[in-house]
Amino acid sequence: MPVSPTSRVAVAMLLAACAAFARAGTTHAPQQQVPGVYHQQIGQLQVTALFDGTVALGRQELVGIDAGAVTRLLDHRYVPEDGKGLQTAINAYLVQRGDHLTLVDTGTAQCFGPGLGQVLGNLRAAGYAPSEVDEVLLTHAHPDHLCGLLDAQGKPAFPKATVWLSKADADYWLDPASEATAPQPLRFAFKLARDAVAPYAAAGTLRRFAPDDALPAGVTALDSHGHTPGHVSYRVDAGAGQQLLVWGDIVHFHAVQFARPDASYEADSDRNAAIASRRRMMTEATNNGWWVAGAHLPFPGLGHVRHEGDAFAWVPSEFAPLPVKQ
C-alpha cells in the first residue's frame, strides 16, 4: 500500500521524538521505597509487618564461632554489607483479632539515626491510627523495641494502649542501680528505657508481668531470656489450628544463626542462655509448624523454620493476596 507524503512526515516526526526522548532519558527518579507494610492472614488473625528501618551489624559481633565459619556461611547469601556491617532489619508486628489491635514491639522512634523510626508512619500507611492500638507487647527493653512508645514530640504514641513488659526486664532496665554496673556500651539504653515507659507508668498503663501472669486473650509469653534478662517471645493463638510466634531477638544474623544456633551476639547479656533459648524456640517452631515473626529477619520477617540436618533453616513467607471478605 503506498504511503502518503503526510504519513511519511508523521512517521518521521514520531521517530525523531522517540530519538530525542531516548537521548534525554527518563526524568522519573524514585526517592524512596514503597511503604514498609505487609499483611498476612494467619488463621483468624490479620498480621501486619511494619518496617522500622535497618541497622548495620558487624560480622565481628558474632561470638562463639570462628571468623572463617562466618565467612563461609555468608558466602553466596548476598546479605547487603558495607563498611559498617551487615544490613539488619528492624520490624514490629500489628496483630488484629476482630477489632482488637495488639502491637508487638514499637521500633526505634528518635533513639537511633536517620532512616529509622518508621513504625508509626508505616502503621498509618497500613490504614491504622496509633490511637486505635489496644495493647503493646514488648519482647524486651532495648531501644529498638521500646523507643517507639513515644512520638516525635516525646508524647505517648499509643495513648489508649496498655504496655506489657516482663518483670525481669523491667527490674533490670528501669533500675538506675543496674545502669551503674552494666557494660559501658549498653549504659546509654537505660535512660532511653526509663524515658520511653515513664508516661505509661504515670498513667497506670504499664504492666510488669511474671511468667504465670495472665496476658491479653490468646497470648502466651514464652521465656526466651538470654539476649536480655527478661526477654520473652509471644505465642499467639490464631485459631484454625495455627499459632504465631513473635520471637523478638532470637536471631540477629539470619544467614549464620539458623545454621549455627550456637553463634551468639556480643550484646547478649547471657550468651549461653541466649543460645539455649534460640535452640528451644527454633525447635518448637519447627516441630509445631508455627508461623514465626522475627524482629531482625529480612522484612517482612514472616515465615517458618525447618530442620536442616542438626540445625535449622529459614523459610520466608511467599507473597499472597489477602482473602476476599464475603
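Residues numbered from 1 in each chain as written. Predicted model: local features only at pLDDT ≥ 70, side-chain atom pairs only at ≥ 80, totals over all residues. Heavy atoms only, no water.

## Notes on the overall build of the protein chain
In step 1: Looking only at helices and strands, the protein chain features nine helices and 16 strands.
In step 2: For the protein chain, with 326 residues in total, the buried portion stands at 48%.
In step 3: Of the contacts made within the protein chain by residues no fewer than 6 positions apart, 69% connect residues no fewer than 24 positions apart.
In step 4: Accessible surface for the protein chain amounts to roughly 16000 Å². Of this, 56% is attributable to carbon and sulfur atoms.
In step 5: Taking the average place of the 24 positive charges on the side chains of the protein chain and the average place of its 31 negative ones, the gap between the two points comes to 6 Å. (Helix = DSSP H or I, 4+ residues; strand = E, 2+ residues; numbered from the N terminus. Buried < 20%, exposed > 50% of the residue type's maximum accessible area, 1.4 Å probe, protein only. Contact = heavy atoms within 4.5 Å. Areas by Shrake-Rupley, 256 points an atom, 1.4 Å probe, with all protein chains shown as cover. Lys, Arg positive; Asp, Glu negative; His and termini not counted. Charge placed at Lys NZ, Arg CZ, Asp CG, Glu CD.)

## Re the packing of aromatic side chains
In step 1: For the structure on display, the rule yields ten aromatic pairs.
In step 2: Considering the side-chain rings of Trp164 and Phe209, the 6.4 Å spacing of their centres and the 55° angle between planes classify their relative orientation as tilted. Here the residue Trp164 occupies a position in strand β8 (residues 162-166), and Phe209 occupies one in strand β9 (residues 206-209), the gap between them amounting to 45 residues. The burial state of Trp164 is the same as that of Phe209; both residues are buried.
In step 3: Here Phe209 and Tyr234 contribute two aromatic rings whose centre-to-centre distance is 6.4 Å and whose plane-to-plane angle is 50°, an arrangement assigned as tilted. Linking Phe209 in strand β9 with Tyr234 in strand β11 (residues 232-239), this pair joins segments that are 25 residues apart in sequence. (Phe/Tyr/Trp six-rings, centres within 6.5 Å; stacked < 30°, edge-to-face > 60°.)

## Side note on the state of the cysteines
In step 1: A full pass over the atoms with the stated rule returns one disulfide.
In step 2: Residue Cys111 pairs covalently with Cys147 via a disulfide, S to S 2.0 Å. Taking the torsion about the sulfur-sulfur bond, which here is approximately -85°, the covalent link between Cys111 and Cys147 counts as left-handed. Placement of Cys111 in the loop between β6 (100-104) and α3 (119-125) and of Cys147 in the loop between α4 (143-146) and β8 is noted, with a sequence separation of 36 residues between them.
In step 3: Accessibility expressed as a relative area gives 3% for Cys147, which makes it buried. (Disulfide = S-S within 2.5 Å.)

## Quick word on unusual backbone geometry
In step 1: For the bond running from Phe299 to Pro300, omega is 10°, close enough to zero to count as cis.
In step 2: Inspection of the secondary structure assignment puts Pro300 in the loop between β14 (291-293) and β15 (302-308).
In step 3: One non-glycine residue, Tyr78, lies in positive phi territory at about 60°.
In step 4: Position of Tyr78 relative to the elements: it lies in the loop between α2 (67-74) and β4 (81-82).
In step 5: Take Tyr78: its relative accessible area is 68%, and that puts it in the exposed class.

## Here we look at the confidence of the model for the protein chain
In step 1: Taken as a whole, the protein chain shows an average pLDDT of 93; of its residues, 92% reach a score of 70 or greater.
In step 2: For the protein chain, helix α1 (residues 5-24) is the element with the lowest average pLDDT, namely 55, and β14 is the one with the highest, namely 99. (pLDDT = per-residue confidence, 0-100.)

## Some words on the nonpolar core
In step 1: Ranked by internal contacts, the top residues of the largest apolar core, which has 35 residues, are Leu94, Leu103, Val133, Val136, Leu146, Leu149 and Phe158.
In step 2: Looking at this core, the elements with two or more residues in it are β5 (85-97), β6, α3, β8, α5 (167-173) and α7 (188-202).
In step 3: Sort the elements by how many residues they give to this core and α7 lands first, with six residues.
In step 4: Beyond its immediate stretch of four places on either side in the chain, Leu146 contacts Thr106, Gly107, Leu138, Ala141, Leu192, Ala193, Ala196 and Val197.
In step 5: Grouped together as the second largest cluster of nonpolar side chains are 23 residues, Tyr38, Tyr93, Trp164 and Ala238 included. (Core = buried A, V, L, I, M, F, W, Y, C linked by side-chain atoms within 4.5 Å.)

## Some points on the side chain of Arg278
In step 1: Take Arg278: it is sitting in helix α9 (residues 271-288).
In step 2: For the buried Arg278, no salt bridge is present, and the opposite-charge side chain at shortest range is Asp268, 4.9 Å distant.
In step 3: Of note is the side chain of Arg278, whose polar atom sits 2.9 Å from the backbone oxygen of Pro261.
In step 4: Leaving out residues up to four positions away in the same chain, Arg278 has contacts with Ile250, Val251, Gln257, Pro261, Ala263 and Ser264. (Salt bridge = Lys/Arg side-chain N within 4 Å of Asp/Glu carboxyl O. Polar contact = N/O pair within 3.5 Å; in protein donor to acceptor, adjacent residues only side chain to side chain.)

## A closer look at the side chain of His296
In step 1: Structurally, the position occupied by His296 is in the loop between β14 and β15.
In step 2: Here the side chain of His296 touches Asp144 through a polar contact of 3.3 Å, side chain to side chain.
In step 3: For His296, the side chain forms a polar contact with the side chain of Asp249, separated by 3.0 Å.
In step 4: Once residues within four sequence positions are removed from consideration, His296 is found in contact with Thr88, Ala89, Ile90, Asn91, Asp144, His145, Asp249, Val251 and His252.

## Here's the deal with the sheet that holds β15
In step 1: In space, the six strands of this open sheet follow the order β10-β11-β12-β14-β15-β16, with mixed pairing throughout. Edge positions in the sheet fall to β10 (219-223) and β16 (311-316), since each has one partner strand and no second. Averaged over all pairs of adjacent strands, the angle between their axes in this sheet comes to 35°, without regard to strand direction.
In step 2: With two bridges joining them, β14 and β15 adopt antiparallel strand pairing. Looking across to β15, one finds that Val292 is bridged to Gly303.
In step 3: Across the face of the sheet, α9 comes into contact with β10, β11, β12 (242-246), β14, β15 and β16 while running at roughly 95° to β15. (Pairing = 2+ DSSP bridges. Axes fitted to C-alpha atoms, helices over the stretch in contact; angles between N-to-C directions.)

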